[in-house]
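Structural overview
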Protein chains: 2
Amino acid sequence: MTSHTHIHPLDDALLLQPTAPGVFTGRTTEPYWNMVGPYGGVTAATLLQGVLQHRGRLGDPLSLTVNYAGAVTEGAFTVRAQAVRTNRSTQHWWVTLSQADAEGVEQVATTATVITAVRRGTWSSTETPMPTVQKPADYPAIDGLFPVQWVRRYEMRPIAGPLPAQWDGAEHDSLTRLWVRDTPARALDFAALAGISDVFFPRIWRRRATRVPIGTVSMTVYFHAGAELLAHTGGGYLLAQARAQEFRNGFFDQTAQLWNEAGEMLVTTQQIVYYKE
Amino acid sequence: MTSHTHIHPLDDALLLQPTAPGVFTGRTTEPYWNMVGPYGGVTAATLLQGVLQHRGRLGDPLSLTVNYAGAVTEGAFTVRAQAVRTNRSTQHWWVTLSQADAEGVEQVATTATVITAVRRGTWSSTETPMPTVQKPADYPAIDGLFPVQWVRRYEMRPIAGPLPAQWDGAEHDSLTRLWVRDTPARALDFAALAGISDVFFPRIWRRRATRVPIGTVSMTVYFHAGAELLAHTGGGYLLAQARAQEFRNGFFDQTAQLWNEAGEMLVTTQQIVYYKE
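Residues numbered from 1 in each chain as written. Chains lettered and ligands numbered in written order. Predicted model: local features only at pLDDT ≥ 70, side-chain atom pairs only at ≥ 80, totals over all residues.

1. Things to note about the overall build of chain A
Assigned secondary structure in chain A consists of five helices and 14 strands. Taking 2.2 N^0.38 as the reference for a compact globule, 277 residues should give roughly 19 Å; the C-alpha atoms of chain A span a radius of gyration of 18 Å, in line with that estimate. Classification of the 277 residues of chain A by burial places 49% in the buried group. Partitioning the contacts of chain A with sequence separation of at least 6, the portion at a separation of at least 24 is 69%. (Helix = DSSP H or I, 4+ residues; strand = E, 2+ residues; numbered from the N terminus. Rg over C-alpha atoms; globule rule 2.2 N^0.38 Å. Buried ≥ 20, exposed ≤ 12 C-beta atoms within 10 Å, placed from the backbone. Contact = placed C-beta atoms within 7 Å.)

2. Structural notes on the interface of chain A and chain B
Each side of the interface is counted separately: chain A has 52 residues, and chain B has 52 residues. A per-class count over the side of chain A that touches chain B returns 15 nonpolar, 27 polar and ten charged. (Nonpolar A, V, L, I, M, F, W, Y, C, P; charged D, E, K, R; others polar.)

3. So, the relation of the copies chain A and chain B
With an RMSD of 0.0 Å, the operation that places chain A on chain B is a rotation of 180° combined with a shift of 0.0 Å along the axis. These values place the two chain copies in the arrangement generated by a two-fold rotation axis. When you check the interface residues of chain A against chain B, 100% turn up at the interface there too, and the contact is symmetric in its surfaces. (Least-squares fit on C-alpha atoms with pLDDT ≥ 70 in both.)

4. Examining the pairing of strand E1 (residues 17–20) of chain A
All names here are of chain A. With three bridges connecting them, E1 and strand E2 (residues 23–27) associate as antiparallel partners. Across the sheet, residue Pro18 finds its bridge partner in E2, namely Phe24. Hairpin connection of E1 to E2: two residues between the antiparallel strands, including Gly22 at a positive phi of 80°. (Pairing = 2+ DSSP bridges.)

5. A short note on unusual backbone geometry
Among all residues except glycine, the phi angle is most often negative; among peptide bonds, the trans geometry is most common. Look at the link from Thr183 of chain A to Pro184 of chain A: it is a cis peptide, with omega at 0°. When you line up the elements, Pro184 of chain A lands in the loop between strand E9 (176–182) and helix H3 (190–196). We note that Asn249 of chain A has phi near 45°; this positive angle belongs to a residue other than glycine. Within the secondary structure layout, Asn249 of chain A lies in the loop between strand E12 (246–248) and strand E13 (251–260). Positive phi, close to 85°, is recorded for Glu277 of chain B, a residue that is not glycine. By the secondary structure assignment, Glu277 of chain B is in the segment after strand E14 (265–275). Taking the C-beta count within 10 Å as the criterion, Glu277 of chain B has 11 such neighbours and is therefore assigned exposed.

6. With respect to the domain arrangement of chain A
Residues and elements named next belong to chain A. When the domains of chain A are assigned, the result is domain 1 (9–117) and domain 2 (136–275). Using only C-alpha atoms to locate each centre, domain 1 and domain 2 end up separated by 21 Å. The interface of domain 1 with domain 2 comprises 27 residues on the first partner and 26 residues on the second. Residue assignment for the side of domain 1 that touches domain 2 shows that the elements contributing at least two residues are helix H1 (9–13), helix H2 (40–52) and strand E3 (60–68). The element contributing the most residues to the side of domain 1 that touches domain 2 is E3, with nine residues. By residue class, the composition of the side of domain 1 that touches domain 2 is 18 nonpolar, seven polar and two charged. (Domains from an automatic or database assignment.)

Structural data, given as structure tokens:
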């Protein structure tokens, strides 16, 4: 893993070198390392980045589904982004991240579909107002939610539903709320939003106060924010809220929302997550 | 459009003829026709069916994301299902539905990713109990929600948040609840569940009591039900609940849940939907 220290760690992690139309090479970076692979949010952002850097792109991200098909290992990878269908104002993408295995055979580790769209001003309204909470400064920033690299790339100020202090098996609801932003602070863009969409610790840890092994299988992000809303959100905090709806036979879902400090909805997102035991 | 009258209309719509490994031909059917193309739910079920019929399939559906890339026109189509990655207990699929255009050139109309998984019994729990409502028989079945074919393939018993009786622009919340099942009644399976996941009329019609043009762009379905739960659900009613979280500049989301009569969660699902004006 190599890192450039003169650029923001997220921009460093998202560096993709084009090698052919729609084909890019990148590599994992140490600052976003999780336990046995890169943080899922930075992998999501990387696949989206393949579309964002594609010369044939039409419009901005509307929807992203990332499927974590296999382990991403330390080192180089290839991102391939292909426009499967281009309409007048929407475009449908198929994206893969692959790596050579021990025998040198290319294996797909992550797949994604992305929809980009040209958005127009219309009647707009929310039906999920931001919860009433105090300002970010009123909640202390925590230092290292758990001992992996990527959590240090986010300034987290828990509001409700923190990581259990005692792993005592006492059941709670799975709701978590926090203020969060990239650290160092960084102007928000679509890739960063995709990254933050995966920022929550596993709902089952909260629900059961038991630290079972987990792994996200698939994550979908709906971008309600356009470029203008991202621009005026800038480097500010996001209110992030997540909860599970169902835990059943090895898989639970998570539904989450991200608002900016002004209370504007930026993202709604969901995951299906594997758990053991 | 040809139909076989001796089998259930859903089974008829899902008839896929294998022509090569992972390649199937099918055709649209009149009973599931919407305004200008097939009902999105039956298209979702058709793409899932391509995986279900694949000889190399491992496990049962866990997650399905369908991207409605372009219009599906009346007549024949080709479904291609490819296992991109097979693990010990999960498998990741890329699926397309394509049709020849006016010049005879194959165009992708719909794409999907599917994850299948071998599920094992574990600690399980819900965090979204079924709302307290009366029995299905206590709510009259409505006859034709709106004048298109596919709505007659579902027995719908609205509970709350019906289609507005007056298109008067009076704003409501977007929540809708109904009892629903296939008609004729049919034992529930994964394809039928995918179909019912799209059964809701557009949330913006409820929210605004204004009938603006809409089109689903992407739908994701998480299957919490395994084969055993489907088997004991059988041909019973499902409690279906949907609401929007955000309407912004031409796109709104929908988040929904399906329970069986016993109150067991079968599916959580979400959509991002285009709207005009």
